[in-house]
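Descriptive analysis of the structure
Below, each chain spelled out in residue letters.
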Amino acid sequence: MNKVENQTINAIRILSAEAVQKANSGHPGLPMGAAPMAYALWAKEMRHNPANPQWTNRDRFVLSAGHGSMLLYSMMHLFGYGLTIEDLQGFRQWGSQTPGHPEFGHTPGVEITTGPLGAGFTAGIGMAMAEANLAAKFNREGYPVIDHNTYILVGDGCLMEGISSEAASLAGTLGLGKVITLYDSNRITIEGSTDIAFTEDVAKRFEAYHWHVVEVEDGNDVDAIQEALRQAKAEKERPSLVIVKTEIGYGCPAKQGKASAHGEPLGVDNLKAAKGNLGWPLDKEFHVPDEVYTHMEALSAQGAAKEEEWNRLLAAYREAHPESARELEHFLSGEVDVDALDSEEFWSFEAKPNATRAVSHTVIQRLAAVVPNLFGGSADLAPSTKTIMEGRGDFNKGNPGGMNLHFGVRELAMAGIVNGIAAHGGHKPYAATFFVFSDYMKPMIRLAALMQLPVTYVLTHDSIGVGEDGPTHQPVEQLASLRSIPNLVVFRPADAKEVAAGWYHAMTNGTAPTALVLTRQNIPHYGNTGRDALKGAYVLLDSKGGTPEVILIASGSEVEFAYGAGLRLQDEGVDARVVSMPSMELFEAQTEEYKEKVLPRAVTKRVAVEAGTSFGWHKYTGLDGKIIAIDTFGASAPAKVVYEKFGITTENVYEAAKSL
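On a predicted model such as this, the values are computed, not experimentally measured, just so you know.

Thresholds applied
Residues numbered from 1 in each chain as written. Predicted model: local features only at pLDDT ≥ 70, side-chain atom pairs only at ≥ 80, totals over all residues. Heavy atoms only, no water. Helix = DSSP H or I, 4+ residues; strand = E, 2+ residues; numbered from the N terminus. Rg over C-alpha atoms; globule rule 2.2 N^0.38 Å. Buried < 20%, exposed > 50% of the residue type's maximum accessible area, 1.4 Å probe, protein only. Contact = heavy atoms within 4.5 Å. Areas by Shrake-Rupley, 256 points an atom, 1.4 Å probe, with all protein chains shown as cover. UniProt positions renumbered as here; feature names shortened; annotations may be inferred. Phe/Tyr/Trp six-rings, centres within 6.5 Å; stacked < 30°, edge-to-face > 60°. Lys NZ or Arg CZ within 6 Å of the ring centre and 35° of its normal. Salt bridge = Lys/Arg side-chain N within 4 Å of Asp/Glu carboxyl O. Pairing = 2+ DSSP bridges. Axes fitted to C-alpha atoms, helices over the stretch in contact; angles between N-to-C directions. Core = buried A, V, L, I, M, F, W, Y, C linked by side-chain atoms within 4.5 Å. Expected span 1.5 Å × (residues − 1). Polar contact = N/O pair within 3.5 Å; in protein donor to acceptor, adjacent residues only side chain to side chain. Domains from an automatic or database assignment. Buried area = accessible area lost by both parts, 1.4 Å probe.

**A few points about the overall build of the protein chain**
Per the secondary structure count, the protein chain includes 26 helices and 20 strands. At 28 Å, the protein chain has a C-alpha radius of gyration in line with the 26 Å of a compact globule built from 660 residues. Dimensions of the protein chain along its principal axes, counting C-alpha atoms only, are 90 × 60 × 45 Å. Expressed as a percentage of its 660 residues, the buried residues of the protein chain come to 61%. Relative to all contacts within the protein chain whose residues are 6 or more apart in sequence, the contacts with residues 24 or more apart total 76%. About 24,500 Å² of surface is accessible on the protein chain, with carbon and sulfur atoms providing 49% of the total.

**Some details on the UniProt feature "domain: Transketolase-like pyrimidine-binding" (unreviewed entry) in the protein chain**
Per the UniProt annotation, the sites labelled "domain: Transketolase-like pyrimidine-binding" (unreviewed entry) are residues 354–525. The distance separating the terminal C-alpha atoms of residues 354–525 is 7 Å; by composition the span is 38% helix and 18% strand.

**Remarks on the packing of aromatic side chains**
Two aromatic rings, taken as a pair, are described by how far apart their centres are and by the angle between their planes. Inspection of every chain in the model, using the stated rule, returns 21 aromatic pairs. Note on Phe 346 and Trp 347: the rings are 5.7 Å apart at their centroids and 80° apart in plane angle, and the pair reads as edge-to-face. Judged by its relative accessible area of 3%, Phe 346 is buried. Considering the side-chain rings of Tyr 430 and Trp 503, the 6.1 Å spacing of their centres and the 90° angle between planes classify their relative orientation as edge-to-face. Here the residue Tyr 430 occupies a position in strand E11 (residues 428–434), and Trp 503 occupies one in helix H20 (residues 496–508), the gap between them amounting to 73 residues. For the pair Tyr 430 and Trp 503, a shared accessibility class is recorded, and that class is buried. By the ring-pair criterion, three or more aromatic residues cluster together here, those being Trp 42, Phe 61, Phe 79 and Tyr 81. Note that Arg 366 overlies the ring of Phe 349, its terminal NZ or CZ placed 4.6 Å from the centroid. For Arg 568, the ring lying beneath its charged end belongs to Tyr 654, and the centroid distance is 3.7 Å.

**Concerning the pattern of salt bridges**
Applying the stated criterion across every chain, the model contains 28 salt bridges. Arg 312 is the salt-bridge partner of Glu 308, the closest N and O atoms lying 3.9 Å from each other. With Glu 308 and Arg 312 both in helix H11 (residues 290–320) and four residues apart, the pair spans about one turn of that helix. When the shortest N-O distance is used, the salt bridge between Glu 592 and Lys 595 registers 3.1 Å. Here Glu 592 and its partner Lys 595 are both found in helix H23 (residues 592–598), three residues apart, which amounts to about one turn of the helix. The exposure class assigned to Glu 592 is partly exposed, which follows from its relative accessible area of 48%. Judged by its relative accessible area of 12%, Lys 595 is buried. The network of salt bridges with shared partners includes Glu 588, Glu 592, Lys 595, Glu 596, Arg 601 and Lys 619.

**Here we look at the sheet that holds strand E6 (residues 212–216)**
Here we have five strands laid out as an open sheet, ordered E1-E2-E3-E7-E6, and parallel in their pairing. Strand pairing shows two members of the sheet lacking a second neighbour, strand E1 (60–63) and E6, which therefore form its edges. The mean inter-strand angle of the sheet, taken between neighbouring strand axes irrespective of direction, is 20°. Taken together, the six bridges between strand E3 (residues 179–185) and strand E7 (residues 240–245) define a ladder with parallel strand orientation.

**Some points on the pairing of strand E19 (residues 606–609)**
Neither face of E19 is left uncovered, since the one carrying Arg 606 and Ala 608 and the one carrying Val 607 and Val 609 both have all their residues buried. Bridging between E19 and strand E20 (residues 626–628) involves three bridges; their strand directions are parallel. Bridge assignment links Val 607 to a residue of E20, and that residue is Lys 626.

**Some points on the nonpolar core**
Ranked by internal contacts, the top residues of the largest apolar core, which has 199 residues, are Trp 42, Ile 125, Phe 206, Trp 211, Tyr 457, Trp 503 and Leu 552. Per element, the largest residue contribution to this core is ten residues, and it comes from helix H2 (residues 29–45). Residues in contact with Phe 206, not counting those within four places in the same chain, are Phe 121, Leu 159, Ala 168, Trp 211, Val 213 and Leu 241. Residues Ala 135, Phe 138, Trp 310 and Leu 328 belong to the second largest nonpolar core, which totals twelve residues.

**Notes on the environment of Ala 228**
Here Ala 228 is to be found in helix H9 (residues 222–234). Apart from the residues lying within four places of it in its own chain, the contact partners of Ala 228 are Val 214, Val 216 and Val 242.

**Thoughts on the side chain of His 287**
Relative to the helices and strands, His 287 is located in the loop between helix H10 (268–277) and H11. The contact partners of His 287, leaving out residues within four places of it in the chain, are Glu 18, Trp 280 and Pro 281.

**A few points about helix H1 (residues 3–23)**
One turn of the α-helix equals 3.6 residues, which is why residues spaced by three or four share an orientation. Its 21 residues give H1 an end-to-end C-alpha distance of 30 Å, which sits within 8% of 30 Å, the value for a rise of 1.5 Å per residue. You can read the cap of H1 off the contacts: a side-chain oxygen lies 3.3 Å from the backbone nitrogen of Val 4, and it is on Asn 2. Immediately beyond the C-terminal end of H1, within one or two residues, lies Asn 24, with a positive phi of roughly 55°.

**Regarding the UniProt feature "active site" (unreviewed entry) in the protein chain**
Per the UniProt record, "active site" (unreviewed entry) is annotated on Glu 411. A relative accessible area of 8% places Glu 411 in the buried class. When neighbours within four sequence positions are excluded, Glu 411 is seen to be in contact with Glu 166, Ala 379, Thr 433, Phe 437, Tyr 440 and Met 441.

**Some points on the domain arrangement of the protein chain**
Examined at the domain level, the protein chain breaks down into domain 1 (3–303), domain 2 (338–517) and domain 3 (534–659). Domain 2 and domain 3 are separated by 25 Å when their C-alpha centres are compared. Opposite the 26 residues of domain 2 that make contact, domain 3 presents 32 residues. Taken together, both faces of the contact between domain 2 and domain 3 bury some 2,300 Å²; the carbon and sulfur share is 59%. When residues of domain 2 are sorted by the area they lose upon contact with domain 3, Ile 464, Arg 483 and Arg 492 head the list and together hold 29% of the total. There are three salt bridges connecting domain 2 and domain 3. Among the ionic pairs, Arg 492 bridges to Glu 558, the shortest N-O distance being 2.5 Å. Joining domain 2 to domain 3, the criterion identifies 15 residue pairs in polar contact (both at pLDDT 80 or more).

Below, the structure is given as structure tokens:
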């Protein structure tokens, strides 16, 4: 390592510590300890172009240990990603480009939102799966147009989290040789030494997962780190873990190697001591030597040259393989064939009762025919969730071009992986399981919503209709839980055409994830459902006069009971309206005029029915309305019996309306 490289590494350390000190908040320890490995990667082995953070064939870098965000921001500043010194000085402040944890879509160059430990590691596995699938589909002999690595930096905490174990096990099974994980092994957490709770042999664990493991004893040895990275890149059949032993807070005499360096500013005096120890000017703040900037400009220019080389390869590929090139561009565009989704065939279904999970299977086959980059699967429940795409092959080590994913019994990792697939670009990912197990997925669903990733979740067996499996498998509070997540569209269809509407929204919306909540049991087919479901709520059975006397509102399977009650009330001369509300979120996005047309404010006599908790429904019933719901857990019995015992029936909806 020469002088300017040493200066650059120390610049990363000092800029990180100074930004944390100025904010009086943050984590200086990881950036100071991990600076050499980050430099070795970004400067010597990672293929990236700071002038174009969206270059398709760039290597991906994921800072899974997102609390060490100043490591990433300092690197991005020095490499010329557009972050200024003023941005670093605004660390963790309102409106800044440098939030406390890296945010996808907020700071150019951030590949995925990280912070919840292990989430970034898992998303990185998803990125590698996306790369492997695209490479298998589009690369031709002499034209490796998709050929990049995914680098992930993890800490001790990331590897303690269960999600990392799930994802690492799957990555080893799939033989994802382009995943290279740098493990910042500083053996410190907030509470102190990792010895108090984490004494396992990480190397042996990952070897058992079928990973290739390399160890670097000195985290300051840039040459040794580079050699380890090269060994990892040479291993094509297994993912690699590069264990780098570092000292947290390196360079600060009073903090180095101590837990106090993890999550608090060094302090003015300790920062000054660190500067002195690292040979940095004591009288200058946020100082970077000119020779460092000159050095980094040269490195950035090398990145631009690599992209230009790839652009020439892509141009030649277009000439040699024009059809494949056009299809690749379509994959990467994120667009779908809306005309195909608007066709009569897409919206046509046999007029008979059916389970919405079964209808969803039909819709998935129709989508697979017109959305070639539909890429997804289930957490070991595909036969039950009905999510296999017929004739499109399974994605595995021997067939990376397959489009059906098998996640194993790993709901949390599954949700994190599809986030990585979506963030990578090139696919329309979906993930499926039983609705009750969305609880295992929720942290990653929340991140998808935060990142505005258009992931689709297929969540079947959606209510007490699960029946005999009992309360452990009967979701009651999950609808309210998912509806509480900002920017998540929860869609619970009432029949086949509403299922088509839910999938239509999921495929054409580009800024939010969609949860399709589907039944196990058969439910009726209605003649007048369809596109209006895209508005979130619509009049399924209208009143005879202008303004209804009573409005019955329901979602999913309970629309049957509202509809039956509405017909009975009308037969008795009560001017009743029935509203199907598959998605509260989509309804709230409509104009005030439309919402007033469907649910006139003047009509206060309202009944809502849903086989879940009543939480959230008061917004639509008001204090004068009634809600027929389940505010307890379910019970084990045949589905019809459970519905009757909990009072989710046409008769109860009718009686509630009559009482109003």
